[in-house]
Amino acid sequence: QQQVKQSPQSLIVQKGGIPIINCAYENTAFDYFPWYQQFPGKGPALLIAIRPDVSEKKEGRFTISFNKSAKQFSLHIMDSQPGDSATYFCAARSGGNEKLTFGTGTRLTIIP
Amino acid sequence: SAVISQKPSRDICQRGTSLTIQCQVDSQVTMMFWYRQQPGQSLTLIATANQGSEATYESGFVIDKFPISRPNLTFSTLTVSNMSPEDSSIYLCSVEGKRGAPYNEQFFGPGTRLTVL
């Protein structure tokens, strides 16, 4: 019940396209859903996060869509660029438990 | 966001030895975490380190193998003891956002890449 399932495992998108990465969870106590971006040799960087009281959040070219009833959330990257090529991790946490539960990661490649 | 530094950034060690990894934060934080990330894999939480109390270890990780210190609100160390090649991994320090910040955002250090021969 603590798992967060992430898909796809890898994704190749042409520059300017909109890659979409999906995550699903079971634990209805989760109330914080961040996305992290990780470049090779670097630590994960917090990209954007959402709480379940909203269905969408945008920050620049990055958008989180959240479907509480389906227990799913997704990351969309608008006008994708080769510099967006990285591994993306979704995560979730419940208010009473400070530990983040991470998805398995998506390796995104944006081709010129 | 919190600025986190880790030392060393990488190391190559011999089997049976120990390595201590340092994590320094530029502001006082309540919660500090240590993660392990094996090549091409997701992040696995080793333990949560709170100042003034013993670290809380996740299933599969024990204090004898991964002793942790947390002497103050800006610093922590993780020791990988009696290393074997299976301990080769990236070790990441992570902290919650600054005290009083909303949503308790969690930030990661740059990682320590450990190779055990």
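See the structure printed just above.
This one's a predicted model, so the numbers in the text were calculated from it and none came from an experiment.

Draft legend 1. Local environment of the overall build of chain A. The secondary structure content of chain A amounts to zero helices and eleven strands. Reading the secondary structure of chain A in the N-to-C direction produces β-β-β-β-β-β-β-β-β-β-β. Projected onto its principal axes, the C-alpha positions of chain A cover 45 × 30 × 20 Å. The buried share of chain A, reckoned over its 112 residues, is 46%. For chain A, contacts bridging at least 24 residues in sequence account for 54% of all contacts bridging at least 6. Total accessible area on chain A stands at roughly 5,400 Å², and carbon and sulfur atoms take up 48% of it. Averaging the coordinates of the 12 positive side-chain charges in chain A and doing the same for the 8 negative ones gives two points 5 Å apart.

Draft legend 2. Spotlight on the sheet that holds strand β3 (residues 19–25) of chain B. Residues and elements named next belong to chain B. Within the open sheet, the four strands sit side by side as β1-β3-β8-β7. Their pairing is antiparallel. Of all strands in the sheet, those bounded by a partner on one side alone are β1 (4–7) and β7 (68–72). Direction aside, neighbouring strands of the sheet carry axes that sit 15° apart on average. Pairing geometry for β7 and strand β8 (residues 75–80), over three bridges, is antiparallel. The residue of β8 that forms the bridge with S69 is T77.

Criteria and thresholds
- Residues numbered from 1 in each chain as written.
- Chains lettered and ligands numbered in written order.
- Predicted model: local features only at pLDDT ≥ 70, side-chain atom pairs only at ≥ 80, totals over all residues.
- Heavy atoms only, no water.
- Helix = DSSP H or I, 4+ residues; strand = E, 2+ residues; numbered from the N terminus.
- Buried < 20%, exposed > 50% of the residue type's maximum accessible area, 1.4 Å probe, protein only.
- Contact = heavy atoms within 4.5 Å.
- Areas by Shrake-Rupley, 256 points an atom, 1.4 Å probe, with all protein chains shown as cover.
- Lys, Arg positive; Asp, Glu negative; His and termini not counted.
- Charge placed at Lys NZ, Arg CZ, Asp CG, Glu CD.
- Pairing = 2+ DSSP bridges.
- Axes fitted to C-alpha atoms, helices over the stretch in contact; angles between N-to-C directions.

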